[in-house]
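Summary of structural features
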Amino acid sequence: MQPSSETFPPPRSGIRVRRLSEHIGAEIENIDLSRPISSAQFADINTLLVRHSVLVFRGQDLPPAMHVDFASRFGRLVGHIVKRFSVDDYPEVTYISNVRNDKGEMIGADRAGMIWHSDMSYLPRPMLGSMLYGVECPPEGADTEFASMFAAHDALPDSMRALLAGAKGVHDYAWHYATYLSHRKPLTDEEKAQAPPVSHPALRTHPESGRKAIYVSEGLTRTLDGMEEAEGRRLVVEASEFATQPQFVYRHKWRSGDLVFWDNRSTMHRATEFDNRYRRLMRRTTVEGDIPA
Ligand code: OGA
Ligand code: MN
């Protein structure tokens, strides 16, 4: 299918929408997020988020205060577990960046999210959505890939669906950090204590649309509850690989001024490689959701 402009029903607030791939992603072409948005626009954005899972707003000028204002419309904001990654004076805004300060320290989360995941799925109440804003983007590389867990769920082979139905994934940030983020300063005991492992259903039902989505990820789901560790891990990786096949994926190529808002309840995403001689500076907010069910 060719990406097209139709969305059904048409937005009432006058915003223009263009689909970005068959299963996932839409660009909203005529909103200035640095101004307060109307309740009609808010309602349309929320509907479009639930339907398309990833919304792209290009050409935005979004200082942290306005970013926080917009994101807060959707729920409570939750900052990063590692406090030193926050933007000064904005504890809910996190730098995702390879930039260093004048003491040579990383100002943000470096090489964040390179393995498929859904944001902060290791919390009892994981994120409804995330908003990532590009301040400085490399001219090549550093794309972000998003996979539709609705489309992947609907395409599950019966055998894998039967294994996942009723199963629970164990989401574990300390394990993730030790496994994938060994280039960073280790988590402190205090940081670890903020995120003990939690279990969530391997298949979840979206609270707004009722659609089912896969909710295990290679990056953050260590294993399956009640199963032998290695066997659970093998099934998690198999499900995650199935769910992130190219037909379920939209790949975003960043330009500065892009704001991408994704629904963590129906997607997984991952960052991709880039030449580290380029600066990359992104600001992120995350909006708390419900307890997955
Ligand atoms: C995130 C994330 C991917 C990227 O901000 O949650 O995973 O491309 N980022 O920076
Ligand atoms: Mn992420």
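Residues numbered from 1 in each chain as written. Chains lettered and ligands numbered in written order. Predicted model: local features only at pLDDT ≥ 70, side-chain atom pairs only at ≥ 80, totals over all residues. Heavy atoms only, no water.

1. Description of the pattern of salt bridges
The following threshold applies: The working definition used for a salt bridge is a side-chain nitrogen of Lys or Arg within 4 Å of a carboxyl oxygen of Asp or Glu. Here the term buried applies to any residue with accessible area under 20% of the maximum for its type, exposed to any over 50%, and partly exposed to those in between, with areas from a 1.4 Å probe on protein chains only.
Taken as a whole, this structure holds 22 salt bridges when the rule is applied. One salt bridge in this structure joins Arg18 and Glu27, with 2.8 Å as the shortest N-O distance. Given the relative accessible area of 34%, Arg18 is considered partly exposed. Residue Glu27 is classed as buried on the basis of its relative accessible area of 12%. Among the salt bridges present, the one from Arg265 reaches Asp263, with a minimum N-O distance of 2.8 Å. You can call Asp263 buried: its relative accessible area is 0%. In this structure, a network of salt bridges that share partners links the residues Asp143, Glu145, Arg251, Lys253 and Arg270.

2. Re unusual backbone geometry
A negative phi angle is the norm for most residues apart from glycine, just as the trans form is the norm for most peptide bonds. The condition that has to hold: Numbering goes from the N terminus for both helices and strands, where a helix is a DSSP run of H or I of at least four residues and a strand is a run of E of at least two.
Here the phi dihedral of Ser53 falls at roughly 75 degrees; this positive angle occurs in a residue that is not glycine. Position of Ser53 among the secondary structure elements: in the loop between helix 1 (39-52) and strand 3 (54-57). Overall, Ser53 belongs to the buried group, its relative accessible area being 1%. The backbone of Arg111 sits at a positive phi, close to 55 degrees, despite the residue not being glycine. Tracing the backbone shows Arg111 in the loop between strand 5 (90-97) and strand 6 (127-136).

3. Description of the confidence of the model for the protein
Interpreting fine coordinate detail is not advised for predicted regions of low pLDDT. Here is the rule: Residue-level confidence of the predictor, termed pLDDT, takes values from 0 up to 100.
For the protein, per-residue confidence averages 95 on the pLDDT scale, and 97% of positions sit at 70 or higher. Considering each helix and strand of the protein separately, the mean pLDDT is smallest for helix 6 (residues 189-193), with a value of 94, and largest for strand 14 (residues 259-263), with 99.

4. Concerning the environment of Ile214
The condition is simple: In this description, contact between two residues means that some pair of their heavy atoms is separated by no more than 4.5 Å.
Looking at the secondary structure, you find Ile214 in strand 11 (residues 212-214). Ile214 gets classed as buried once you look at its relative accessible area, which sits at 2%. Residues Ile214 and Asn30, 184 residues apart in the sequence, show an inter-C-alpha distance of 32 Å. Non-local contacts of Ile214, meaning those with residues more than four positions away in its chain, are made with Met149, Ala152, His153, Leu156, Ala202, Leu203 and Ala243.

5. With respect to the nonpolar core
A general tendency of soluble globular proteins is for nonpolar side chains to be buried together. Put simply, the test is: Nonpolar cores were defined as sets of buried Ala, Val, Leu, Ile, Met, Phe, Trp, Tyr and Cys residues, with membership established by side-chain atoms within 4.5 Å.
Ranked by internal contacts, the top residues of the largest apolar core, which has 30 residues, are Ile45, Leu55, Phe57, Phe70, Leu259 and Phe261. Secondary-structure elements contributing two or more residues to this core are strand 2 (26-28), helix 1, strand 3, helix 2 (64-72), strand 5, strand 6, strand 14 and strand 16 (281-288). In this structure Ile45 touches Ile15, Ile28, Ile31, Ile37, Leu55, Phe57, Phe70, Phe74 and Phe261, once residues within four positions along its chain are discounted.

6. Description of the pairing of strand 15 (residues 267-271)
Stated formally: For two strands to be treated as a pair, DSSP must find at least two bridges joining them.
Counted residue by residue, strand 15 has 4 buried out of 5 residues, so it is predominantly covered. In the sheet, strand 7 (residues 144-148) pairs with strand 15 via 5 bridges, with the strands oriented antiparallel. When the bridges of strand 15 are listed, Ala147 appears paired with Met268.

7. Some remarks on the site of ligand 1
As a reminder, the rule being used: Nearness here has a simple test: a residue counts as near a molecule or strand if at least one of its heavy atoms is within 4 Å of that partner. Polar contact criterion, stated in full: a pair of N or O atoms within 3.5 Å, where within protein one must be able to donate a hydrogen and the other to accept it, and residues adjacent in sequence count only if both atoms are side-chain atoms. Each accessible area is a Shrake-Rupley result for a 1.4 Å probe, and residues are judged covered by the shown protein chains and nothing else. Here the term charged refers only to Asp, Glu, Lys and Arg, the term nonpolar to Ala, Val, Leu, Ile, Met, Phe, Trp, Tyr, Cys and Pro, and the term polar to all other amino acids, Gly among them.
Neighbouring residues of ligand 1: Ile96, Gly113, His117, Asp119, Leu132, Thr144, Trp262, His269, Ala271, Arg280 and Arg284. Residue His117 places a side-chain N or O atom 3.2 Å away from an oxygen atom belonging to ligand 1. Thr144 is positioned such that a nitrogen or oxygen atom in its side chain is 2.6 Å from an oxygen atom of ligand 1. Compared with its free state, where it exposes 290 Å², ligand 1 has 99% of that area covered by protein. Across the shell around ligand 1, the residue classes break down as 4 nonpolar, 4 polar and 3 charged.

8. As for the pairing of strand 7
Most of strand 7 is tucked away: 5 of the 5 residues are buried. Neither face of strand 7 is exposed, since Thr144, Phe146 and Ser148 on one face and Glu145 and Ala147 on the opposite face are all buried. Of the pairings in the sheet, the one linking strand 7 to strand 13 (residues 249-252) comprises 4 bridges and is antiparallel in character. Its bridge partner being in strand 13, Glu145 is matched across the sheet by Arg251.

9. Digging into the sheet that holds strand 2
Let me state the cut-off plainly: Only the stretch in contact is used when a helix axis is fitted, and all axes are lines through C-alpha atoms; the angle between N-to-C directions ranges over 0 to 180 degrees.
Across the sheet, 8 strands lie side by side as 1-2-3-14-6-16-5-4; this open sheet has mixed pairing. Edge strands, defined here as strands with exactly one partner in the open sheet, are strand 1 (17-19) and strand 4 (86-87). Alignment of strand 3 against strand 14, held across 4 bridges, turns out to be antiparallel. Bridging across to strand 14, Phe57 finds its partner in Leu259. Of the strands in this sheet, strand 1, strand 2, strand 3, strand 6 and strand 14 touch helix 1, which is tilted by about 125 degrees from strand 3. The sheet strands contacting helix 2 are strand 3, strand 4, strand 5, strand 6, strand 14 and strand 16, and the helix crosses strand 16 at an angle near 25 degrees.

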